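Take a look at the letters that make up each chain.
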Amino acid sequence: MVKPKVVDRNHPKDEPQRASLKPSGSRIQGDSIFYTRLLPVVLGALAVMTVVLIIVAAGVLVGVIPFR
Amino acid sequence: MNLARILPFVSTIVMLAFTVSVFRRWLERRKAHFLFWSIGLAMFGAGSFAEAYFAVAGWSPLVFFIWYLFGAALNAGWIGHGSLLLFARKRWAHVVTVLLIAGSLFAGYLMLSVMPLLDASTFDRALPISEQYRTIMPSVSEGATVRLSTPFFNIYGLVTLVGMAIWSAWLFLRKQVLPNRVLGNVLIATGALSIGLASTLTRLGVGAYLYLGELIAALLMYAGFVMAGAPAPQTEASSVTETAAAD
């Protein structure tokens, strides 16, 4: 008996199955400055901001930063 | 009508559309992360609506309850929990889900207990509620222990929502696939950080940028969600049906 199986291609779990179906439009150009230089810097900056905000929030939590 | 009155209205409309999109996605796919995202986004929208209500209609204890509990305390945690469910092992996810629900109920109880202590005599509807809630609500030592719960939910939401978005973007970038996912996750992380930054400023006594931060967050996260979920060319559609042998 054959029954349909839904594959969610937007889910990270199903990511490996996507590799064999990948069209050229879904690939990042390896020589793109935007993707190879700019975005890693942006992601790093976002991560740093996240850590700073977590430290500030933790500071509020433990009372180092005045709670208002 | 000044910006403090307009921004929450616009944020509410954006969040309503965003919530409906995510909830419809949950109805289609029945994945738990879509449900938690839509609940968290609905809380975010309720908070924005409460701000708009204060600016137009004036003081209401019920609306203040909604604004603080859902808009200031819980929404980030619930949205972030949706992101966690995408990656965490089921057993751990269930444990954290129970903790989140229990913590939210407890925060609701603490909020209920502080309601009789509110002093709205100084409320001014010309000012954003984020700039005057400290005078309406007593301090922690005077009984508003619910205020201690907000950093827990917000740190959890920030770590999970922004952390998972940055992590996803980095994975796709490293594999050099799906640029729409990379950009979509960058937009989600940036949007979440903008509200995190505005909330932190509010916590430090500068509440003037909260509404702007909310609107930026709503717009960027919605754009990121749409971009990340957009079908890519050819067979990269969001869902396909395959046949698999069973039995």
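Residues numbered from 1 in each chain as written. Chains lettered and ligands numbered in written order. Predicted model: local features only at pLDDT ≥ 70, side-chain atom pairs only at ≥ 80, totals over all residues.

Details of the overall build of chain A
Where we set the bar: Strands here mean DSSP runs of E at least two residues long; helices mean DSSP runs of H or I at least four residues long; both are numbered from the N terminus. Here exposure depends only on C-beta density: within 10 Å of a residue's C-beta, 20 or more other C-beta atoms make it buried, 12 or fewer make it exposed, and intermediate numbers make it partly exposed, the C-beta atoms being placed from the backbone.
Scanning chain A for helices and strands turns up two helices and one strand. Put simply, chain A runs from its N terminus to its C terminus through helices and strands in the order β-α-α. A buried classification covers 13% of the 68 residues belonging to chain A.

So, helix 2 (residues 33–62) of chain A
Condition: An expected span of 1.5 Å times one less than the residue number is assigned to each helix. Bend, at a single residue, is the angle you get between axes fitted to the 7 residues ending at that residue and the 7 residues starting at it. Note that contacts rest on C-beta atoms placed from the backbone: two residues are in contact if these are within 7 Å.
Look at helix 2 of chain A: 42 Å from first C-alpha to last across 30 residues, which is about the 44 Å you get at 1.5 Å a residue. A maximum bend of about 35 degrees is found in helix 2 of chain A at A:Leu39, where proline A:Pro40 lies one to four positions downstream. What helix 2 of chain A keeps buried is the set A:Leu39, A:Leu43, A:Leu46, A:Thr50, A:Leu53, A:Val56, A:Ala57 and A:Val60. Buried residues along helix 2 of chain A sit against helix 6 (146–175) and helix 7 (179–203) of chain B.

With respect to the packing of helix 2 (residues 32–57) of chain B against helix 3 (residues 61–87) of chain B
All names here are of chain B. The test is simple: Axes here mean lines fitted to C-alpha atoms, for a helix over just the part in contact, with angles spanning 0 to 180 degrees between N-to-C directions. An angle below 35 degrees is read as roughly parallel, one above 145 as roughly antiparallel, one from 65 to 115 as roughly perpendicular, and any other as oblique. We call a crossing left-handed when the near helix sits turned anticlockwise from the far one by less than a right angle, and right-handed when that turn is clockwise. Any residue that is not Ala, Val, Leu, Ile, Met, Phe, Trp, Tyr, Cys, Pro, Asp, Glu, Lys or Arg is counted as polar, Gly included; the first ten are nonpolar and the last four charged.
Here helix 2 crosses helix 3 at 155 degrees, and the two axes come no closer than 7 Å. Comparing the axis directions of helix 2 and helix 3 gives the class roughly antiparallel. Taken as a pair, helix 2 and helix 3 cross one another with a handedness that is left-handed. Across the contact of helix 2 with helix 3, the residue classes tally to 21 nonpolar, nine polar and one charged.

Section: the nonpolar core
All names here are of chain B. Rule in force here: By convention the nonpolar core is taken to be a set of buried residues drawn from Ala, Val, Leu, Ile, Met, Phe, Trp, Tyr and Cys and joined through C-beta atoms within 7 Å.
Counting residues in hydrophobic clusters, the biggest one holds 82 residues, and the most contacted among them are Val162, Ala165, Ala189 and Ala192. The element best represented in this core is helix 2, accounting for 15 residues. Ignoring sequence-local partners within four residues, the contact set of Ala192 consists of Leu158, Leu161, Val162, Ala165, Ala217 and Met221.

Considering the confidence of the model for chain A
Residues and elements named next belong to chain A. Rule in force here: One confidence number per residue, pLDDT, is output by the predictor and ranges from 0 to 100.
Across chain A, the average pLDDT comes to 73, with 60% of residues at or above 70. No element of chain A has a lower mean pLDDT than helix 1 (residues 15–18), at 50, and none a higher one than helix 2, at 88. Below pLDDT 50 for its whole length, residues 17–22 participates in five contacts with residues either more than four positions away or in separate chains.

Structural notes on the packing of helix 2 of chain A against helix 7 of chain B
With their axes 10 Å apart at the nearest point, helix 2 of chain A and helix 7 of chain B run at an angle of 30 degrees to one another. On the basis of their axis angle, the class for helix 2 of chain A and helix 7 of chain B is roughly parallel. Of the two possible hands of crossing, helix 2 of chain A and helix 7 of chain B adopt the one that is left-handed. Packed against helix 2 of chain A, whose contacting residues are A:Tyr35, A:Leu39, A:Val42, A:Leu43, A:Leu46, A:Met49, A:Thr50, A:Leu53, A:Val56, A:Ala57 and A:Val60, the element helix 7 of chain B presents B:Pro179, B:Val182, B:Val186, B:Ala189, B:Thr190, B:Leu193, B:Gly196, B:Leu197, B:Thr200 and B:Arg203 at the interface.

Regarding the environment of A:Ser26
All names here are of chain A. With respect to the secondary-structure elements, Ser26 resides in the loop between helix 1 and helix 2. Ser26 gets classed as partly exposed once you count the C-beta atoms within 10 Å, which come to 19. Distance from Ser26 to Pro40, taken between C-alpha atoms, is 19 Å for residues 14 residues apart in sequence.

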